[in-house]
Structure formats: structure tokens, C-alpha cells
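Below, each chain spelled out in residue letters.
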Amino acid sequence: QVQLVESGGGLVQAGGSLRLSCAASGSIFSINAMGWYRQAPGKQRELVATINSGGRSIYADSVKGRFTISRDNAKNTVYLQMNSLKPEDTAVYYCNAAIRRAREAYGEDYWGQGTQVTVSS
């Protein structure tokens, strides 16, 4: 069993900051990419940022310069530092990880339960 557990969401004023964390646990051989997605009510889930095992990151244009993704491989944890938050950032944020449970196993996507981020104007 593999679980991803997110934390750090909450309510913040526009211009404020939040730091999200996502820790993977369970039967894990290795983790390749980890990332954050978000979904606003009535909207499609979209990629926010992703980071591979070597630390290379990709960001959605809407968050470049404001958000920073990082990871601690020893802790199987990915972080999302969100600065200069805007009301448009309001969404449920989901952690995603591509995880191999064994050396010869295929990597599979796992998802966290989501954490609510609400930015007031």
C-alpha cells in the first residue's frame, strides 16, 4: 500500500504565502516525478508544478515566479512554496507521484486526498 498525505492548506489573504507538503509512505522502491495539481470548483484539474528525481522542475505559466516546488528524497516528500497568492489560486491542491513499488515494477501514479487552498481578495 502506498499513501500520499498532503498538509499545509488553509485560508490566506491575497499576497500571502502558504507551504504545502506531501509525504509518500508505504511500499516504495523509488519515486520518479512528483508534482502538484489543482482543481477549482467546476474546473478541470491542471498541473501546477512537477519535479523529477534529479530536481528539475516544470511550472505552469500562471505560477512561475511565485511558486517553488522542491523535494526531499530521503523523506519521500515534495513541497510547494506558494508566495504572492492570488484569488485565482483558490483550489483543491493534489499531490501526485510516480512510484515504483519494486525494482521490476512499472511506475504508477498515486494521488493524495487533496488539501484546500483558499485565497481571499
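Residues numbered from 1 in each chain as written. Predicted model: local features only at pLDDT ≥ 70, side-chain atom pairs only at ≥ 80, totals over all residues. Heavy atoms only, no water.

**Student:** Can you explain the pairing of strand β9 (residues 91-100)? Please cite residues and give values.
**Tutor:** Of all 10 residues in β9, nine are buried; the element is thus mostly enclosed. For β9 and strand β11 (residues 115-120), the ladder comprises three bridges, and the chain directions are antiparallel. What sits directly across from Val92, in β11, is Gln116. As paired strands, β9 and strand β10 (residues 108-111) are joined by four bridges and run antiparallel to one another. Across the sheet, residue Asn96 finds its bridge partner in β10, namely Trp111. (Buried < 20%, exposed > 50% of the residue type's maximum accessible area, 1.4 Å probe, protein only. Helix = DSSP H or I, 4+ residues; strand = E, 2+ residues; numbered from the N terminus. Pairing = 2+ DSSP bridges.)

**Student:** Go over the side chain of Arg66, please, and point to the residues and values.
**Tutor:** Along the chain, Arg66 falls in the loop between β6 (57-59) and β7 (67-72). Under the relative-accessibility criterion, Arg66 is labelled buried at 11%. Engagement of the side chain of Arg66 in a polar contact is seen with the side chain of Asp89, the distance being 2.8 Å. (Polar contact = N/O pair within 3.5 Å; in protein donor to acceptor, adjacent residues only side chain to side chain.)

**Student:** Any details on the nonpolar core? Residues and values, ideally.
**Tutor:** The biggest cluster of nonpolar side chains holds 29 residues, and the ones touching the most others in it are Leu4, Trp36, Leu80, Met82 and Tyr93. Put simply, the parts of the chain that give this core at least two residues each are β1 (2-7), β3 (18-26), β4 (30-39), β5 (46-51), β7, β8 (77-82), β9 and β11. When neighbours within four sequence positions are excluded, Leu4 is seen to be in contact with Cys22, Ala23, Ala24, Cys95, Asn96, Ala97, Ile99, Tyr110, Trp111, Gly112 and Gln113. (Core = buried A, V, L, I, M, F, W, Y, C linked by side-chain atoms within 4.5 Å. Contact = heavy atoms within 4.5 Å.)

**Student:** Pulling in residues and values, what's your account of the sheet that holds β1?
**Tutor:** If you trace the four strands from one edge of the open sheet to the other, you get β1-β3-β8-β7, paired in antiparallel fashion. Only two strands of the sheet have a single partner each, and these edge strands are β1 and β7. Between one strand and the next, the sheet's axes are offset by a mean angle of 15 degrees, whatever the strand orientation. (Axes fitted to C-alpha atoms, helices over the stretch in contact; angles between N-to-C directions.)

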